[in-house]
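Analysis of the macromolecular model
Okay, here's what each chain looks like letter by letter:
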Amino acid sequence: MEKAGVMASGLNNYASMNTKSIATKASMTQSEKEEALKKANEYYNKALIIFDKIEEILFVGETLYNMAINAMLANEYKAASEYLEICLYIIKVLKSDSLRICNFSKLAGLLTLCYYRLGAIYKCKMTLQASLQYLDHLYVADVKDRKNDEFYHLWGDDLFLCHYNNALVLMHEERYEESLKEFTNAQKYMEESIGFQFFSATQFCIDKANFYIRMGENDKAENILDKCKQFCEQKGYAFKVGMIDKYRNKTETNSMVINLPLQGITLNQIENNVKALAVKYSYIRQRHSMEFFSVWQKSVEGYADTTEKIIVTSFEIFKKYFSADYVIFIRNENGVPVVKYDDSSTGIRKDRVDYMVKYFETNRSEVITSRTEMNYYEHRALINNVLCSDRINSVIF
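Residues numbered from 1 in each chain as written. Predicted model: local features only at pLDDT ≥ 70, side-chain atom pairs only at ≥ 80, totals over all residues. Heavy atoms only, no water.

All right, on to the packing of helix α9 (residues 176-192) against helix α10 (residues 197-214) then. Here α9 crosses α10 at 155°, and the two axes come no closer than 11 Å. Between α9 and α10, the crossing angle belongs to the class labelled roughly antiparallel. Our pair here, α9 against α10, has a crossing hand that is left-handed. Judged by residue contacts, Y176, S179, L180, F183, A186, Q187, M190 and E191 of α9 engage Q197, S200, A201, F204, D207, K208, F211, Y212 and R214 from α10. Across the contact of α9 with α10, the residue classes break down as nine nonpolar, four polar and four charged. (Axes fitted to C-alpha atoms, helices over the stretch in contact; angles between N-to-C directions. Helix = DSSP H or I, 4+ residues; strand = E, 2+ residues; numbered from the N terminus. Parallel < 35°, antiparallel > 145°, perpendicular 65-115°, else oblique. Left-handed = near helix turned anticlockwise from the far one by under 90°. Contact = heavy atoms within 4.5 Å. Nonpolar A, V, L, I, M, F, W, Y, C, P; charged D, E, K, R; others polar.)

For the structure shown, the criterion picks out 15 salt bridges. In this structure, the salt-bridge partner of K78 is E82, at a minimum N-O distance of 2.8 Å. Placement of the pair is K78 and E82 together in helix α4 (residues 77-94), with a separation of four residues, close to one helical turn. Of the residues examined, K78 reaches a relative accessible area of 52% and is grouped as exposed. On the basis of relative accessibility, which here comes to 24%, the residue E82 falls in the partly exposed class. The partner of E217 in a salt bridge is K220, with the nearest N and O atoms 2.9 Å apart. On the basis of relative accessible area, K220 is assigned to the partly exposed category, the value being 43%. One salt-bridge network, held together by shared partners, links K125, E173, R175 and E178. (Salt bridge = Lys/Arg side-chain N within 4 Å of Asp/Glu carboxyl O. Buried < 20%, exposed > 50% of the residue type's maximum accessible area, 1.4 Å probe, protein only.)

Turning next to the packing of aromatic side chains. Here the distance between the centres and the angle between the planes together describe a pair of aromatic rings. Inspection of every chain in the model, using the stated rule, returns 10 aromatic pairs. Aromatic pair F104 and Y134: ring centres 5.4 Å apart, planes at 45°, arrangement tilted. Placement of F104 in helix α5 (residues 104-118) and of Y134 in helix α6 (residues 121-134) is noted, with a sequence separation of 30 residues between them. The class for F104 is buried, based on a relative accessible area of 11%. Considering the side-chain rings of F183 and F211, the 5.7 Å spacing of their centres and the 55° angle between planes classify their relative orientation as tilted. (Phe/Tyr/Trp six-rings, centres within 6.5 Å; stacked < 30°, edge-to-face > 60°.)

Our next topic: the pairing of strand β2 (residues 336-342). In the sheet, strand β1 (residues 328-333) pairs with β2 via six bridges, with the strands oriented antiparallel. The residue bridging N332 from the neighbouring strand is P337, located in β2. Here β1 folds back onto β2 in antiparallel fashion, the turn holding two residues, of which N334 has a positive phi close to 55°. (Pairing = 2+ DSSP bridges.)

Right, let's get into the packing of α6 against helix α8 (residues 156-172). At their nearest, the axes of α6 and α8 sit 10 Å apart, and the two run at 145° to each other. α8 is crossed by α6, and the crossing has left-handed handedness. Facing α6, whose interface residues are I121, C124, K125, L128, S131 and L132, α8 presents C162, N165, N166, V169 and H172. For the contact of α6 with α8, the residue count by class is six nonpolar, four polar and one charged.

In terms of nonpolar packing, the biggest core is built from 91 residues, with L64, L107, L110, F160 and I270 touching the most fellow members. Broken down by element, the residue count for this core peaks at 12 residues, all from α4. Other than its neighbours up to four places away in sequence, L107 contacts Y65, L84, C87, L88, I91, L99 and C102. I348, L382, V386 and V395 belong to the second largest nonpolar core, which has 12 residues in total. (Core = buried A, V, L, I, M, F, W, Y, C linked by side-chain atoms within 4.5 Å.)

Quick look at the structure:
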C-alpha cells in the first residue's frame, strides 16, 4: 500500500482508540463521551477520504464498518445503517463474503440491529433472514446442542447478533417463550465473545430486562441490571454504568443522538465510486478467466494422447485459478454417469451421484449459488444430498 494508505490506516487506528476510550476511562461525562466519538468520527472521515481517493475499496469498507460501530455507540442508527449497507455492497462487488475484519454475517447482524432500533421492522426481518441463512450450519435452537465448540468460537460475535436480533424480533411479535430462548442463546455467545462485550453487554442486558418487565417479572429484570452494573464496574466501563442508571431512572437511553456527519465526502460519492470500481473488478475477473484458458491450453497440449492426464491437469489449473476447494467431474458415458475426477479424500458415494443425475434430469439449468445469495435455500437440498457438508459456502453445478 502506498504512503497515503499507510497514513489512512494510522488515522483508522487512532480513531479506534478514541472510540474505545469511552469504555476504559474511569469517569466520563456526556460531553466527554460526545467529544471522544466526534474525534473518532473525524479521523475515520479523513481515512475514508484517502482510501476512496486511492481506490482501496476493501479499506473503504473496513473504515465504514468502524464508523458504523462508532455511530451506533452515538445512537446514530440511521448513519450506521447507511455505512453498513455500503459495506455489504462492497462485499457483493468483490464477490466475497467478508471484509478483512468481519464476515458478511456480522455486518448483516449489525445492520439488523440498526433497523430494529430505527423501527424498520420489515427491513430488520429481511436482513435477519440473510444472517440466519449464512449461519444455518451453525445456528441451533439451543446452544447446549452445539457440536465442535472450538469452531463456534470463531463465529461468536456473528452468532450472538443473530440470536439477539431474533430475540428482539420475537419480542416485538409478542412471541415471548421463543424470545426468551433466543435471549438465553445470545447470552451464551455474549459471555464467550470477550472482545465484543463493551459493545454488546449493556444494551443486551437492558433489552433482556425490558423483556422481563413486559412479562411482569420485575425482580428478574432488576437482577439482570445489578449483574450488568457490577460487570461494567469491574471492567471500568464507567459510561455504561451511567446507561444502566438512566434506564432504571426511566430516562430514555437512546434519546441522546450524537450527530456524526460526513465531511469532505458524501455517501453518494462513495457509492458511485464503488459502482465504478465494480466495472473495473468485473473486467479484472474477465481477464483472469481469459488467462486461465490460455494457461490451460498450453498446459494440456502435451497430453493430447491421454484423456485422463488432460482431465487431471485441467482441474488442477482450474482449482488454482479460481480458489476452488473441492472439484468433482462426472461425465455421461454410454448413458452411465462416470466419475472422472474427484479430489476428495474419501470419494463421492454412488447414491450421491445418482441423486445429482436424477436432479438434473428434471432441472436442466446450471446451479450457481452461495450462502449470501437469495436462491441458496432453493438449492439447499441438492447441496446437502450431494456434498453433505455444512461448511459449503459457494458452489457451481
